[in-house]
Amino acid sequence: MRVLGIETSCDETAAAVLDGSGVLVDLVHTQEVHAEYLGVVPELASRAHAEKLAAVVRAALERAGVDKPDGVAVTSGPGLIGAVLVGLAMGKGLAAAWDVPLVGVNHLEGHLLSTLLEPEAPSFPFLGLVVSGGHTSLYLARGVGDYETLAETVDDAAGEAYDKTARLLGLGYPGGPLIDRLAAQGDPGAVTLPRPRASGLNWSFSGLKTAVRSHVQGEAPGRHEDIAASFQAAVVDVLEDRVRRAVEATGVRRVALSGGVAANSELRRRFSELEGLQVYLPARSRCTDNAAMIANAGRLRLMAGQRDGLDLRARPSWPLAELSPPGPA
Ligand code: KG4
Ligand code: ZN
């Protein structure tokens, strides 16, 4: 089954085509209008999606050599409501015009299942750490659509902490890749920063951000490289700590990372060196938002007979724990 995937939930306008043999085409256009605001401006994001999406979808189909796919998978949430609506309108319009099935995909499920696109994919059950700009959660994935939330952040997401720290250091947006690069030149032990804990397995990142701010505004902040490396070490430490605890609690040793922060060099290095665990990482380009992951999750649901109607709604907030295994309604 050849599936067209469409993703517009934040600031990436993306379209991909895949079939049972793998990803045929995966196009991502990152909006540049937000850089000067150091964050995504929702209204500008919707407008830029509306201007660009048709061309991105057309290019994806052309490059895949596909006139008409067998199904359309579109992100229907969570995300910026106006941005999601642009993709949803396109997905519905194409599915109706082609008379092919439509499925709305949860963006987080797209991330969570993104390692299934890799040559070495985890089998169920696995622990899925989704670390992105909007979410930081750890799930026990028992099967497609069968997810138990083991941990989440009680305040900022990990990616948000990266972006805010980058802003404190006078870097641009998105901050994650910039901190990643800067940290490579720094000493992770140079600045003492907290490893905050929340209840249970949960994370809290706002205290870490505040500690970085106090340090930067203090008398001798030192090199930005060292601050970036120290911040990054603290983030990776707390992510690793919860994953270890979850492995102990569940006995599940397969761990799949996903989301924009999973592109982080230090996170990838540390997790690939964890002993006794099988760690699965998406390709870096599949960590940040893309439509291949949406086509992948959508295809699994379409193949199981799931169909959405043209009354499919955008869901700006849509926890993964609310999903059900795929199947006819
Ligand atoms: O998954 P994603 O593209 O969008 C959301 O669903 O939120 O994640 C974007 C987040 C941003 O906060 C960005 O700063 C962060 O991922 N990010 C990184 C890296 N690349 C992207 N964080 C740390 N290191 C990176 N290399
Ligand atoms: Zn995302």
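Presented here is a report on the structure given in the accompanying data block.

Each value, and the rule that gives it
Residues numbered from 1 in each chain as written. Chains lettered and ligands numbered in written order. Predicted model: local features only at pLDDT ≥ 70, side-chain atom pairs only at ≥ 80, totals over all residues. Heavy atoms only, no water. Axes fitted to C-alpha atoms, helices over the stretch in contact; angles between N-to-C directions. Helix = DSSP H or I, 4+ residues; strand = E, 2+ residues; numbered from the N terminus. Parallel < 35°, antiparallel > 145°, perpendicular 65-115°, else oblique. Left-handed = near helix turned anticlockwise from the far one by under 90°. Contact = heavy atoms within 4.5 Å. Nonpolar A, V, L, I, M, F, W, Y, C, P; charged D, E, K, R; others polar. Near = heavy atom within 4 Å. Polar contact = N/O pair within 3.5 Å; in protein donor to acceptor, adjacent residues only side chain to side chain. Areas by Shrake-Rupley, 256 points an atom, 1.4 Å probe, with all protein chains shown as cover. Pairing = 2+ DSSP bridges.

**Observations regarding the packing of helix 6 (residues 206–217) against helix 7 (residues 224–250)**
Then, in step 1: Their axes nearest at 11 Å, the elements helix 6 and helix 7 cross at an angle of 165°. Compared by their axis directions, helix 6 and helix 7 come out roughly antiparallel. Every pair of crossing elements has a handedness; the one defined by helix 6 and helix 7 is right-handed. Each of Leu 208, Val 212, His 215 and Val 216 in helix 6 lies in contact with helix 7, whose residues at this interface are Ile 227, Phe 231, Ala 234 and Val 235.
Then, in step 2: Among the residues making up the contact of helix 6 with helix 7, the classes are represented as seven nonpolar, one polar and no charged.

**A look at the site of ligand 1**
Then, in step 1: In the vicinity of ligand 1, 21 residues are found, and the nearest of them are Gly 133, Asp 163, Gly 176, Asp 180 and Asn 264.
Then, in step 2: Interatomic distance of 3.2 Å between a side-chain N/O atom of His 111 and an oxygen atom of ligand 1.
Then, in step 3: A distance of 3.0 Å separates an oxygen atom of ligand 1 from a polar backbone atom of Gly 260.
Then, in step 4: Out of a free accessible area of 560 Å², ligand 1 has 90% covered by protein chains.
Then, in step 5: If you tally residues by element for the shell around ligand 1, the top one is helix 5 (residues 175–183), at four residues.
Then, in step 6: Of the residues belonging to the shell around ligand 1, the class tally is six nonpolar, 12 polar and three charged.

**Things to note about the sheet that holds strand 10 (residues 278–280)**
Then, in step 1: In space, the five strands of this open sheet follow the order 8-7-6-9-10, with mixed pairing throughout. Only two strands of the sheet have a single partner each, and these edge strands are strand 8 (146–152) and strand 10. Each strand of the sheet is rotated relative to its neighbour by a mean of 25°, with strand direction disregarded.
Then, in step 2: Where strand 7 (residues 136–143) meets strand 8, six bridges bridge the pair, whose relative direction is antiparallel. For Gly 143, the partnering residue across the bridge sits in strand 8 and is Asp 146.
Then, in step 3: In this fold helix 7 packs onto strand 6 (126–131), strand 7, strand 8 and strand 9 (254–258), with an angle of close to 160° to the strand it touches most, strand 6.

Remember, this is a structural readout, not a statement about activity or role.
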